[in-house]
Structure formats: C-alpha cells, structure tokens
Amino acid sequence: MRTPTAAQSPSIARSLAEARPASFWLDSPDAPEPVPALAGDTTADLAVVGGGFTGLWTALLAKERDPAADVVLLESKTAGHAASGRNGGFCSASLTHGLANGLERFPRELALLERLGEENLSEIGATIAAEGIDCDFQLTGELSVATAAWQLDGAAQDVAKAREFGYEADLLDAGGIRAELNSPVYVGGIRHANKNAMVDPARLAWGLRRACLARGVRVYENSRVRSVSEAGSGLVLQAGYGAVRAGRVALGTGAFMPALLRRVGNWVVPVWDYVLMTEPLSPSQLDSLGWTHRRGASDMGNQFHYFRLTRDNRVLWGGYDAVYYNGGRRADDYATSPDTFLKLAAHFFAMFPQLEGVRFSHAWGGVIDTCSRFSAFFGTAHRGRLAYAAGYTGLGVGATRFGANVLLDLLAGADTERTRLSMVRSKPVPFPPEPLRSAVIQATRASIARADRNEGKRDLWLRTLDRLGLGFDS
Ligand SMILES: Cc1cc2nc3c(=O)[nH]c(=O)nc-3n(C[C@H](O)[C@H](O)[C@H](O)COP(=O)(O)OP(=O)(O)OC[C@H]3O[C@@H](n4cnc5c(N)ncnc54)[C@H](O)[C@@H]3O)c2cc1C
C-alpha cells in the first residue's frame with residue numbers, strides 16, 4: 001500500500017490536530033470512580049495483583065469456585081487503565097495468537113486448545129449476559145484483507161486448515177472482500193464468520209470490576225504492590241499504605257510483571273502498540289464502507305493494521321508499528337507518538353480514500369506483554385503459593401479468562417485438562433539479556449518491514465529465528 005507522508009499531505013496532519021491523547025474507551029463519563037487505596041494491614045485467602053482482564057477474571061472466577069473465599073485485588077492505578085482498556089477489542093476464541101501460530105507452536109494439542117478457546121469465548125459471553133455488562137459484545141467473526149497478491153500465497157490451504165479446526169472460513173476474491181468492507185486497495189481476503197467477538201474493552205473491564213465488588217472481592221485501586229515476600233505459610237504484599245498477608249497470590253500484572261518477579265523478564269518484553277479512533281462517521285460515510293456485518297478486520301502484511309467499527313460508528317485503526325524502546329522502558333510518555341500517529345493516519349486514508357476529511361478524535365498507545373511464542377505462559381514461585389500468567393502478546397482480551405482459570409488451577413495444585421497442557425507446562429524461548437535484546441529486536445523489526453516491501457520473502461535472519469522458535473510480534 002503506497003502512502004503519502006504527512007509532509008506531502010497536510011490534510012493528514014489536520015486530521016489528527018484535535019485528537020485527544022487518551023484511549024477512546026477509557027475517556028468516558030461512564031468510567032467508575034476509583035475505590036479507596038489500601039490503608040493498613042489486612043489478610044486474605046487469595047490476593048490478586050493487577051486490575052486488568054487477567055486479575056479481574058481471576059478474582060471473579062475464584063469467587064465463582066468458592067463464594068466463601070476471601071479475595072483481595074490490588075491495582076496500582078485504576079482497573080482497566082493499561083492494555084485492557086486500550087486495545088482493539090477483538091475478543092478471539094484463539095488461545096494461541098491465531099491458528100497459524102498455534103499450529104507452529106503446539107501442533108499436537110491444538111485441537112484441544114481450540115476447543116478450550118471456544119468454551120472460553122462462550123463463557124465470556126455467558127458472564128457478560130448474566131452480569132448485565134453493557135460492553136457491546138457481538139459475535140461478528142473477522143476479516144483478513146489482502147492489499148497485495150503475495151499476501152494470498154497459501155491462503156487456500158490456510159482456509160482448508162481453518163475449516164478442519166471448526167472455523168467457518170471462506171477465501172474471497174477482490175469482489176467478495178469488498179462486498180464485506182469496501183476499499184479500492186483490496187485484492188482478496190479471508191472471512192472467518194465465527195470464533196471472534198467485538199467488545200468495548202473498558203466497559204468489559206468496568207463490568208467485571210463491578211461483578212467482583214458485588215461478590216465481595218475487596219478491590220483497592222491506586223495501590224501498587226511494591227514487594228512480595230514469604231511469611232510463614234503465606235506471602236506478604238507491601239502495597240499502597242498497608243500490607244496484605246495472603247495464603248495464595250495471583251500475579252496478573254502483564255508487561256509490568258518483571259518488577260515483582262524478576263525471572264519473568266527473561267520471557268516478556270514491553271512492546272508499544274498505537275491506535276487511532278475517528279469521529280463518528282456520517283450515514284453516507286458509513287454507507288461508503290458497506291461494513292454491514294461489522295466484522296473486525298486486519299490486513300495480511302507482516303506489519304499489520306487492525307480496524308473495526310464502534311457502537312457509534314467510529315472506526316478504530318491500530319497496529320503496524322510495534323515499538324520496542326531500547327532497554328525495555330515503559331515511561332508513560334510513550335503513550336503518545338506523533339510520528340506513528342501520522343503514519344497510521346496516512347495508511348488509513350490510503351485504505352479508505354472515500355473517508356477523506358474525517359477527523360480523529362483520539363490517538364493513544366498501550367503496552368503489550370510480548371513473548372517469543374506470542375501466546376501466554378504460566379508458572380509458580382514461592383513454593384507454589386504464587387502463580388503468574390503473562391505473554392499474551394496482542395491477543396489477550398479473550399485468552400486472559402482462560403489464563404485466570406489456569407492460575408486458579410495452579411494455585412489449587414489441581415491436575416486438570418488445563419494444567420496438563422504443554423502450553424501451560426512449557427516456557428517460551430527466552431529473549432537474550434540487554435543490550436543484545438534491543439539489537440535482536442530492532443534487527444527483527446527491520447527484517448519484518450523489509451519482508452513486507454519484498455513480497456513477504458523472509459530473509460536469512462527471520463528464517464533463522466523461525467528455526468529457533470524465537471519471534472517478535474504485537
Ligand atoms: C494497543 C493495544 C491493542 C490491543 N489489541 C488487542 C485486541 O484487539 N485483541 C486482543 O485480544 N488483545 C489486544 N491487545 C492485548 C490485550 O489488551 C492484553 O493481552 C490484555 O489486556 C492483557 O490483560 P492483563 O490483565 O494481563 O494486563 P493489563 O491490562 O496490562 O493489566 C495489568 C494491570 O496490572 C497493574 N499492575 C502492574 N503492576 C502492578 C503492581 N505492582 N501492583 C498493582 N498493580 C499492578 C497495571 O496497572 C494494570 O492495570 C492489545 C493491547 C494493546 C496495548
């Protein structure tokens with residue numbers, strides 16, 4: 001896709017001039033008031049650290065398993081403020097960052113993983129319905145769109161394979177894909193009619209938080225856990241203005257996890273991903289897209305965009321630049337990145353020239369917990385009293401609920417279908433230590449960009465990493 005630079009097209013800069021530097025999802029009058037921070041010392045059967053999807057589902061499912069359990073949740077800011085409230089809202093059944101990655105990493109147990117993933121998605125829908133969570137959850141399926149012929153190499157085999165695993169998948173020609181979503185640059189694509197829902201992620205997080213509170217989970221916001229230490233038969237968390245002594249601890253702190261559990265830093269790196277949101281489209285602008293099924297979509301390059309409609313007919317447009325700041329820094333300043341926003345806006349108008357003149361209302365970034373196998377890993381520490389889940393990479397909206405069940409199984413010492421999975425028992429290939437880590441990641445990003453310019457051909461560097469099972473993605 002050829003894109004003008006911002007300098008060549010002042011209208012692109014103008015489209016961003018009024019954009020608020022905040023997640024559209026979180027920037028809502030419906031955001032709940034924070035609950036008070038922890039003050040003083042307390043005890044709990046289970047302490048959950050992190051108020052993103054991992055932590056919220058862990059606390060809620062713990063109460064479902066045992067309503068009498070005394071559960072505390074500690075969140076350093078407010079529930080959902082990090083990746084869980086900043087993402088694209090694609091809620092996939094896949095636990096493996098897509099079928100192709102699952103086939104590559106866990107071929108022998110993929111049928112089981114797909115079944116567990118489908119059950120997980122339908123249980124997410126059931127909880128949303130039972131709790132009355134108003135988060136615009138819609139089982140739309142999704143589209144993969146090709147903007148260059150090489151992106152369709154092997155697509156027929158991919159569709160056949162997807163059908164074997166229960167996907168209602170169809171290979172579409174240019175006319176077929178443009179009937180789903182109209183862009184002059186599409187040359188074909190794949191429609192998956194099932195196994196994916198679209199959701200408003202912040203409203204989902206807030207709804208889960210409300211459900212936790214209603215079940216008696218004691219939630220403390222603005223309560224960053226500073227340390228975890230062993231004390232007798234339990235663990236003590238120093239947090240906020242107090243401490244929690246708990247029998248068991250579940251860590252759901254995503255990309256921030258290495259601060260509390262150093263070893264996790266071997267397997268996870270913080271990768272920044274950026275998103276734009278348009279103002280609501282007019283009826284004629286919406287008609288020009290023909291996006292009647294409202295399926296979320298992504299393009300099929302190695303560096304890909306994802307895009308979708310919101311309830312009020314805005315277009316969310318994110319991805320492409322997956323940025324690792326050397327040394328793995330996570331400063332909040334990185335949540336805005338004008339260069340990336342300009343590039344994203346230029347790409348947007350190249351794909352949808354009929355939307356010329358549309359403005360962006362929001363532009364933001366968020367941190368992804370990327371690991372080299374692009375799908376979650378799990379473990380325990382402190383003699384099994386603490387369990388952790390991280391590494392969802394860019395597909396954790398749905399999979400975090402599955403991860404929460406794994407955490408609870410691990411903390412119970414239970415032998416389950418989930419804990420027997422090699423996905424749960426194995427770890428990703430570790431990233432090398434800094435400064436080699438930065439060099440490897442930046443070389444990989446450059447090679448990926450080169451592959452997209454070179455009809456998808458993977459160079460020697462990428463082929464070597466493929467063989468080592470070491471990847472980089474958002
Ligand atoms: C821009 C972007 C787009 C994405 N798009 C999609 C998508 O469309 N579909 C999809 O499936 N996935 C997507 N993802 C990934 C998805 O958002 C994550 O996989 C998921 O939200 C991870 O949830 P989590 O609870 O593990 O982590 P987080 O949401 O990051 O939550 C971790 C929480 O822990 C808290 N915390 C950290 N340290 C401490 C501490 N010491 N004490 C107390 N609390 C602490 C943090 O404040 C935070 O609230 C996207 C991510 C980003 C950033």
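One structure accompanies this document, and this report is about it. Owing to the predicted nature of the structure, the values given are computational and were not obtained by experimental measurement. (Residues numbered from 1 in each chain as written. Predicted model: local features only at pLDDT ≥ 70, side-chain atom pairs only at ≥ 80, totals over all residues. Heavy atoms only, no water.)

Tracing the chain through its elements places T310 in the loop between β14 (305-309) and β15 (315-319). The class for T310 is buried, based on a relative accessible area of 2%. Of the polar contacts made by the side chain of T310, one reaches the backbone nitrogen of R314; its length is 3.0 Å. When sequence neighbours within four positions are dropped, the list of residues in contact with T310 reads F24, W25, M277 and R294. (Helix = DSSP H or I, 4+ residues; strand = E, 2+ residues; numbered from the N terminus. Buried < 20%, exposed > 50% of the residue type's maximum accessible area, 1.4 Å probe, protein only. Polar contact = N/O pair within 3.5 Å; in protein donor to acceptor, adjacent residues only side chain to side chain. Contact = heavy atoms within 4.5 Å.)

Let us now look at unusual backbone geometry. Put simply, E434 and P435 share a cis peptide bond, and its omega is 5°. Assignment of secondary structure puts P435 in the loop between α11 (422-425) and α12 (436-453). A positive phi angle, near 55°, is found at D136, a position not held by glycine. Relative to the helices and strands, D136 resides in the loop between α4 (110-131) and β4 (142-146).

Once that is clear, we can look at the site of the ligand. Inspection of the region around the ligand gives 38 residues, with T54, E75, H81, S84 and F90 positioned closest. Residue S84 places a side-chain N or O atom 2.6 Å away from an oxygen atom belonging to the ligand. In this structure, a nitrogen atom belonging to the ligand sits 2.8 Å away from a main-chain N or O atom of V225. In the complex, the protein chains occlude 97% of the 1,000 Å² of accessible area that the ligand would expose alone. (Near = heavy atom within 4 Å. Areas by Shrake-Rupley, 256 points an atom, 1.4 Å probe, with all protein chains shown as cover.)

Of the two faces of strand β13 (residues 296-299), the one holding G296 and S298 and the one holding A297 and D299 are both buried throughout. Note: β4 against β13, four bridges, orientation parallel. The residue of β13 that forms the bridge with S144 is S298. Pairing of β13 with β14, which is carried by two bridges, proceeds in the antiparallel orientation. Paired with A297 across the strands is F307, a residue of β14. (Pairing = 2+ DSSP bridges.)

Once that is clear, we can look at the sheet that holds strand β16 (residues 360-370). The strands that make up a sheet pair up through hydrogen bonds in the backbone, lying either parallel or antiparallel. The eight strands lie next to each other as β5-β6-β4-β13-β14-β15-β12-β16, forming an open sheet whose pairing is mixed. The open sheet terminates on both sides in strands that have one partner only, identified here as β5 (169-173) and β16. Strand-to-strand, the axes of this sheet are offset by a mean angle of 20°, without reference to chain direction. Note: strand β12 (residues 269-278) against β15, three bridges, orientation antiparallel. Across the sheet, V275 pairs through a bridge with G318, a residue of β15. (Axes fitted to C-alpha atoms, helices over the stretch in contact; angles between N-to-C directions.)

The next point concerns the pattern of salt bridges. Within the structure shown, the criterion is met by 28 salt bridges. Two residues, R401 and E123, come together in a salt bridge whose shortest N-O distance is 2.9 Å. Of this pair, R401 sits in helix α10 (residues 399-412) while E123 is found in helix α4, placing the two residues 278 residues apart along the sequence. The class of R401 is buried, set by a relative accessible area of 5%. Residue R163 pairs with D170 through a salt bridge whose shortest N-O separation is 3.0 Å. With a relative accessible area of 47%, R163 lands in the partly exposed category. Of the residues examined, D170 reaches a relative accessible area of 27% and is grouped as partly exposed. Sharing partners across several salt bridges, the network here consists of D30, D134, D200, R203 and R311. (Salt bridge = Lys/Arg side-chain N within 4 Å of Asp/Glu carboxyl O.)

Turning next to helix α5 (residues 155-164). Of all the positions in α5, only A155, V159 and A162 are classed as buried. For α5, the arc enclosing every buried residue in end-on projection is 65°, short of the 170-degree limit, so these residues lie on one face. More than 90 degrees from the buried face of α5, the exposed residues found are Q157 and E164. Elements that come into contact with the buried residues of α5 comprise α3 (99-105), β5 and β6 (188-192). Remark: G166 follows α5 within two positions and exhibits a positive phi of approximately 90°. (Arc of directions from axis to C-beta.)

On to the packing of aromatic side chains, then. For the structure shown, the criterion picks out 17 aromatic pairs. Aromatic pair F349 and F360: ring centres 5.9 Å apart, planes at 65°, arrangement edge-to-face. With F349 in helix α9 (residues 338-351) and F360 in strand β16, this residue pair connects regions lying 11 residues apart in the sequence. Neither F349 nor F360 differs from the other in exposure class; each is buried. Through a chain of ring-to-ring contacts, the aromatic side chains of W291, F307, W317, F348, F349, F352 and F360 assemble into a single cluster. Seen from the ring of Y167, K195 lies directly overhead, with NZ or CZ sitting 4.2 Å from the centre. Taking the ring centre of W57 as reference, the NZ or CZ of R401 above it sits at 5.3 Å. (Phe/Tyr/Trp six-rings, centres within 6.5 Å; stacked < 30°, edge-to-face > 60°. Lys NZ or Arg CZ within 6 Å of the ring centre and 35° of its normal.)

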